[in-house]
Amino acid sequence: MNTKLWTVDKQDPIKYSYPQIKEASDLLQEGEVVAFPTETVYGLGANALSDQAVLKIFEAKGRPSDNPLIVHISKKEQLTDLVDNLNGTARKLMDAFWPGPLTLVLPKKEGVSQYVTAGLDTIAVRMPDHPVAQALMEISRLPLAAPSANLSGKPSPTTAMHVEEDLIHKISGIVDGGATGVGLESTVVDCTADVPLILRPGGVTKEQLEEVVGDVEVDPALIHQEEQHKPKSPGMKYTHYAPVAPVYLIDGSKEFLQRTISASLSEGKKVGLLATEETISAMNTTGITAIACGTKTDLSTVATQLYDALRAFNATDVDIIYSEVYPEQGVGVAIMNRLEKAAGHRIIKE
């Protein structure tokens, strides 16, 4: 398959890049799959109302069919074709965080593709805050089912180049709108529960949610890493975000991290280190591949750079990757969720 590539102006894509946006939208209307940027990561979009189009997403990604997809909309009016009813909690969260990196799990309306919902009676919906995503949905007049635009299990893409690495010749088109902003996928909240339930941490923190709706709970599976028979949200069941070399999280002091690295070097292993700028500058990195990922003083920079850093190790010959851990507060919760999945929950404690 020939994959078309478009570079668009993300500030005002309809005004300055209409021909490219129109061509990509036409492909979506024809039931094809097109990758596009959102404020979180690049999404792999297809007409959410077409079974045939949605199945092409699973085929391109190699994604298990029991893993539900998030439907992206550009206007709240589109919810009438997707959602059975909206409670007060959902409306408050929409008013506070849409458009933005928040996905809501809501009761689905009859007729919604079973492939989008993985056979569940709920549907996950969000309104992205990115001009290119908004333009594609406005011109195509479609809600778009759009998981991250990567091969299943690999680090999510934050640039069009990442999408090309995984999906060139597997999809019909890639819209290049530059690097994404948040860097981690959206927060997913189940609004069908009595108390809103976080199914996946992301760009909107628990603290921010509670400022709007009061008590918010966290799904026990995120804490105890239980396997879900029927995941209600992407990212709950399967290993994700992993580079080629195995990742191990090091929960301890910098001295312990240094000793762990030295032990691997003495065994003849080629070692990679994923850490903040401060940690790397304070360590002896001779003989290893160290990739900096943000700063300790601003964990949002870690979130923005995490997937790019994980992918960067694939261009090296490292045998093993060690990563420091982060405080599980604010966006640190989402960072650790992604790192734990990238590591397959392999943690070495001091």
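Please refer to the structure placed before this passage.
Every chain's residues receive numbers from 1 upward, in the order its sequence appears when written. pLDDT decides what is reported in this predicted model: residues at 70 or higher carry local features, side-chain atom pairs at 80 or more are listed and counted, and totals for whole chains, interfaces and linings draw on all residues regardless. Hydrogens are left out, water is left out, and the side-chain values use all remaining heavy atoms of the structure.

Draft legend 1. Geometry of the sheet that holds strand E11 (residues 217–218). Across the sheet, which stays open at both edges, the 11 strands sit in the order E1-E8-E2-E3-E7-E4-E6-E5-E9-E10-E11 with mixed pairing between neighbours. Each having just a single partner strand, strand E1 (4–7) and E11 make up the two edges of the open sheet. Only strands joined by at least two bridges in the DSSP assignment are considered to pair. Secondary structure elements follow DSSP: runs of H or I no shorter than four residues count as helices, runs of E no shorter than two count as strands, and numbering proceeds from the N terminus. As paired elements, strand E5 (residues 102–107) and strand E9 (residues 187–190) share 4 bridges and run parallel to each other. Counterpart to Leu104 in the pairing with E9 is Val189. It only takes one pair of heavy atoms within 4.5 Å for two residues to be counted as in contact. Axes here refer to lines fitted to C-alpha atoms; in helices the fit is confined to the stretch in contact. Angles between the N-to-C directions go from 0 to 180 degrees. Across the sheet, helix H3 (residues 88–97) is in contact with E5 and E9; its angle to E5 comes to roughly 155°.

Draft legend 2. Structural view of the nonpolar core. Here, nonpolar core means buried Ala, Val, Leu, Ile, Met, Phe, Trp, Tyr and Cys residues that are tied together by side-chain atoms lying within 4.5 Å of each other. Relative accessible area decides the class of each residue, using a 1.4 Å probe on protein chains only: under 20% of the type maximum gives buried, over 50% gives exposed, and in between gives partly exposed. Counting residues in hydrophobic clusters, the biggest one holds 45 residues, and the most contacted among them are Leu44, Leu93, Trp98, Leu102, Leu104, Ile171 and Leu209. Sorting the residues of this core by element identifies strand E3 (42–47), helix H2 (51–61), H3, E5, strand E6 (122–126), helix H6 (160–167) and helix H7 (206–213) as the ones contributing at least two each. Among residues more than four places away in sequence, those in contact with Leu104 are Ala90, Leu93, Met94, Trp98, Ile123, Ala124, Val125, Val189 and Cys191. Formed by 26 residues, the second largest nonpolar core is a distinct cluster that contains Val247, Cys293, Leu299 and Tyr326.

Draft legend 3. Up close: the layout of surface pockets. Grid points spaced at 1 Å over the protein atoms alone were grouped into cavities, where a 1.4 Å probe fits but cannot get out, and pockets, open sets with protein on both sides within 12 Å along at least five of seven lines, with lining residues defined by an atom within 4 Å of a point. Grid points are joined across faces, edges and corners, and a volume is the space filled by probe spheres set on the points. Empty space within the largest pocket amounts to approximately 390 Å³. If you trace the largest pocket, you find 22 residues lining it, with Pro201, Val218, Leu222, Glu328 and Val333 closest to the centre. Elements with a contribution of two residues or more to the lining of the largest pocket: H7, helix H8 (220–224) and helix H12 (332–342). Here the lining of the largest pocket takes 5 residues from H12, the largest share from any one element. Residues belonging to the lining of the largest pocket are distributed by class as follows: 10 nonpolar, 7 polar and 5 charged. Estimated volume of the second largest pocket: approximately 160 Å³. In this structure, the second largest pocket is lined by Leu151, Lys154, Pro155, His162, Glu165, Asp166, Val244, Asp308, Arg311, Ala312 and Asn314. The residue makeup of the lining of the second largest pocket, split by class, is 4 nonpolar, 2 polar and 5 charged. The classification used treats Ala, Val, Leu, Ile, Met, Phe, Trp, Tyr, Cys and Pro as nonpolar, Asp, Glu, Lys and Arg as charged, and all other residues, Gly among them, as polar.

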